[in-house]
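Descriptive analysis of the structure
Here is what each chain is made of, one letter per residue.
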Amino acid sequence: AQSVTQLDSQVPVFEEAPVELRCNYSSSVSVYLFWYVQYPNQGLQLLLKYLSGSTLVKGINGFEAEFNKSQTSFHLRKPSVHISDTAEYFCAVSESNSGYSTLTFGKGTMLLVSP
Amino acid sequence: SQTIHQWPATLVQPVGSPLSLECTVEGTSNPNLYWYRQAAGRGLQLLFYSVGIGQISSEVPQNLSASRPQDRQFILSSKKLLLSDSGFYLCAWSTPSSTDTQYFGPGTRLTVL
């Protein structure tokens, strides 16, 4: 069975500072990994995904994540955050089956950016 | 391009009343469709998924049901709502050829009183 752990429920940071949101997963099979962002009362927007290839993945809004198989991690980073990055961020792992996939989500990390 | 719609956006219902939430996808054919619930402090929970018309799989036993009457329409229903059904309901889709990336709709906020 898969599981995803987001170690921080809340991360406060000042504007223009760097940030890292941590994600660890467990899975018995090859994994596909995702980061989604959710703004208040909205759906989830895909930030980036790792399916295969380069372990450093670049996404939208200046975010990037690095897949580390030995540490079973997929941490999300941004070198300089903006007020508009304030949102909840979800890490997810996918398990593929015949013709469909299921996503297991972490409980989310609220990123709070202040001036 | 593909778009996904959910309605209503918000809903307040009394305990014991019925429920019908609708999700439609445009710009793609034969998508895989998913219903998730997001309850406060509990992350996202997969409720149902569908790989085709009339094909519904349930992940969690509950008093909710799902139906897929058309290729790009996914409906979440209940005959009698419970207080514990309150939450944010999200519909998602993925293409059969890229089944690992799911795209989410705007969600429906359900409050059961």
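For the structure, check the block above.
Below: a short report on this structure. (Residues numbered from 1 in each chain as written. Chains lettered and ligands numbered in written order. Predicted model: local features only at pLDDT ≥ 70, side-chain atom pairs only at ≥ 80, totals over all residues. Heavy atoms only, no water.)

Right, let's get into the packing of aromatic side chains. Across all of its chains, the model carries 14 aromatic pairs over all chains by this definition. Geometrically, the ring pair formed by Tyr-36 of chain A and Phe-105 of chain A is tilted, given 5.9 Å between the ring centres and 50° between the ring planes. Residue Tyr-36 of chain A is found in strand β5 (residues 32–38), and its partner Phe-105 of chain A is found in strand β11 (residues 101–105); the two are separated by 69 residues along the sequence. According to the relative accessible area criterion, Tyr-36 of chain A is buried, its value standing at 0%. Site record: aromatic cluster; members linked through ring pairs are Phe-34, Tyr-36, Phe-90 and Phe-105 of chain A together with Tyr-34, Tyr-36, Tyr-49 and Phe-104 of chain B. (Phe/Tyr/Trp six-rings, centres within 6.5 Å; stacked < 30°, edge-to-face > 60°. Helix = DSSP H or I, 4+ residues; strand = E, 2+ residues; numbered from the N terminus. Buried < 20%, exposed > 50% of the residue type's maximum accessible area, 1.4 Å probe, protein only.)

Next up on the list: the pattern of salt bridges. Residues and elements named next belong to chain A. Applying the stated rule across the entire model yields seven salt bridges over all chains. Measuring nitrogen to oxygen at the nearest pair gives 2.8 Å for the salt bridge that ties Glu-64 to Lys-58. Measuring nitrogen to oxygen at the nearest pair gives 2.8 Å for the salt bridge that ties Lys-78 to Asp-85. Taken individually, Lys-78 and Asp-85 each receive the classification buried, so the pair is uniform in this respect. Linked by salt bridges that have partners in common, Glu-20, Glu-66 and Arg-77 make up one network. (Salt bridge = Lys/Arg side-chain N within 4 Å of Asp/Glu carboxyl O.)

Before going further, it helps to examine the side chain of Thr-109 of chain A. Residues and elements named next belong to chain A. Here Thr-109 lies in strand β12 (residues 109–114). Owing to a relative accessible area of 1%, Thr-109 belongs among the buried residues under this scheme. Those residues in contact with Thr-109 that lie beyond four places of it in its chain are Gln-6, Asp-8, Ser-9, Gln-10, Val-11, Leu-21, Ala-87, Glu-88 and Tyr-89. (Contact = heavy atoms within 4.5 Å.)

Let us now look at the interface of chain B and chain A. Where interface size is quoted, it is often the accessible area lost as the parts come together. Counting residues at the interface gives 21 residues for chain B, matched by 22 residues for chain A. Taken over both partners, the interface formed by chain B and chain A buries close to 1,700 Å², and the fraction arising from carbon and sulfur atoms is 53%. Across the contact surface, chain B and chain A share five residue pairs in polar contact (both at pLDDT 80 or more). Elements with a minimum of two residues in the side of chain B that touches chain A: β4 (32–38), β5 (44–52), β9 (87–94) and β10 (103–104) of chain B. A breakdown of the residues in the side of chain B that touches chain A according to their chemical character gives eleven nonpolar, eight polar and two charged. (Buried area = accessible area lost by both parts, 1.4 Å probe. Polar contact = N/O pair within 3.5 Å; in protein donor to acceptor, adjacent residues only side chain to side chain. Nonpolar A, V, L, I, M, F, W, Y, C, P; charged D, E, K, R; others polar.)

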